[in-house]
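# Architecture at a glance
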Amino acid sequence: MTEPSAPILLFDSGVGGLSVLAELRKVLPQAPVIYAADNAGLPYGSKTEAQIAARVAGLLGRMTERYRPRLACIACNTASTIALGMVREVLELPIVGTVPAIKPAAALTRSGTIGLLGTEATIRQGYVDRLEAEFAVGKRLLRYGAPELVAAAEARLRGEPVDPAVFSRAAAGLRDQPDGQAIDTIVLACTHFPLVEAELGEAFGPEVRFIHGAEGIARRIVHLTEGQPFARTEPDFALFTRDGADVAALAPTLARFGLERIEIL
Ligand code: DGL
């Protein structure tokens, strides 16, 4: 029997998973949530596969032991495409991952050319090759690693200014590839990127449509927790792996997402 106060744990390297939390709040407002950010390890996108797998498995192990969540969601494409299988093997609770939304993008594109924006680590994963081979047969998938967008989303949510050139550089990274002008659908394959979707929309122009997985992940969590009781016995909170000014600066944004307090692991 699931404890009614057992939380759902959302995990990311930084603020990206808040794009998933926003969708989860719409469909499961009554669910207690712990939002965990490995800010000591941010950014994951420039780390090696071994570094990411070790961090994610180790931290999720500690967090599940301490907070006993009913379910954990790796709200991070980089961590999921690298470590999802391994984490599922070692932890005994349902784990929901975040994988690039190539399947819906392939169903929507009219030009047959899809762009994929992710971290440098995500775009080189075999996981992405397999999604492409399975769901984008006969289409062209152009990939671009845009670490600057992670930093831009982090800055925006802290209320810091962001140079708009960051978004035009990301657009050029896809548009300037052979066939790049034909892109009509873009997979936001990093949970940070929907947080700057409006700015990306301006950089790419109105004829492009963006797809990401947040809504689908929220629906999956609803499905996996169907019939379970929920009771919030304390305010939801955010958990960070390192304290500092970067954490304090996020407090107003976290409060907007219903995360009323901050803890350090
Ligand atoms: N939010 C993460 C993702 O979905 C990664 C950002 C990073 O740490 O580089 O890929």
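Residues numbered from 1 in each chain as written. Predicted model: local features only at pLDDT ≥ 70, side-chain atom pairs only at ≥ 80, totals over all residues. Heavy atoms only, no water.

## A few points about the nonpolar core
So the rule is basically this: Among the buried residues, those of types Ala, Val, Leu, Ile, Met, Phe, Trp, Tyr and Cys that are joined through side-chain atoms within 4.5 Å form a nonpolar core. Burial here depends on accessible area, computed with a 1.4 Å probe over protein chains only, as a share of the maximum for the residue type. Under 20% is buried, over 50% is exposed, and the range in between is partly exposed.
Ranked by internal contacts, the top residues of the largest apolar core, which has 51 residues, are Leu117, Leu200 and Ile221. Membership of the second largest hydrophobic core comes to 28 residues, among which are Tyr44, Ile52, Val56 and Ile82.

## Focus: the sheet that holds strand β10 (residues 261–264)
Definition in use: Strands are labelled as partners when DSSP assigns at least two bridges between them. The helix and strand labels rest on DSSP assignments: H or I over at least four residues marks a helix, E over at least two residues marks a strand, and numbering proceeds from the N terminus. The contact criterion used throughout is that any non-hydrogen atoms of two residues lie within 4.5 Å. Comment: axis = line fitted to C-alpha atoms, over the contacting stretch for helices; angle = value between 0 and 180 degrees taken between N-to-C directions.
Ordered by their spatial adjacency, six strands build an open sheet running β4-β3-β1-β2-β9-β10, and the pairing between neighbours is parallel. The open sheet has two edge strands with one neighbour each: β4 (95–96) and β10. Bridge count for strand β2 (residues 33–37) against strand β9 (residues 237–240) is four bridges, and the pairing is parallel. In the sheet register, Ile34 faces β9, and the bridge partner there is Phe237. Lying on the sheet, helix α2 (residues 49–67) is in contact with β1 (8–12), β2, β3 (71–74), β9 and β10; it crosses β1 at an angle near 155 degrees.

## Digging into the site of the ligand
The criterion, for reference: The nearness test applies per residue and asks whether one of its heavy atoms lies within 4 Å of the molecule or strand. Nitrogen and oxygen atoms within 3.5 Å of one another constitute a polar contact, given that in protein one can donate a hydrogen and the other can accept it, and given that sequence-neighbouring residues count only through two side-chain atoms. Surface exposure here means Shrake-Rupley accessible area, sampled with a 1.4 Å probe, where a residue is shielded only by the protein chains that are shown.
In the vicinity of the ligand lie 14 residues, with Ser13, Tyr44, Asn77, Thr78 and His192 positioned nearest. One of the side-chain N or O atoms of Ser13 is found 2.6 Å from an oxygen atom in the ligand. At 2.8 Å from a nitrogen atom of the ligand is found a side-chain nitrogen or oxygen belonging to His192. Protein burial of the ligand: of its 300 Å² of free accessible surface, 100% is covered by the chains.

## Focus: the packing of aromatic side chains
To keep things clear, this is the line we draw: Paired rings are identified among Phe, Tyr and Trp, the last through its six-membered ring, by centres lying within 6.5 Å, and are further divided according to the angle between planes into stacked (under 30 degrees), edge-to-face (over 60) and tilted (the rest). Here, a charge over a ring means that NZ of Lys or CZ of Arg falls within 6 Å of the ring centre while also lying within 35 degrees of the ring normal.
Inspection of the entire model under this criterion finds two aromatic pairs. Judged by centre distance (5.8 Å) and plane angle (75 degrees), the ring pair of Phe204 and Phe210 falls under edge-to-face. We note that Phe204, like Phe210, is buried. In this structure, Arg261 packs its charged tip against the face of Phe237, placed 4.4 Å from the ring centre.

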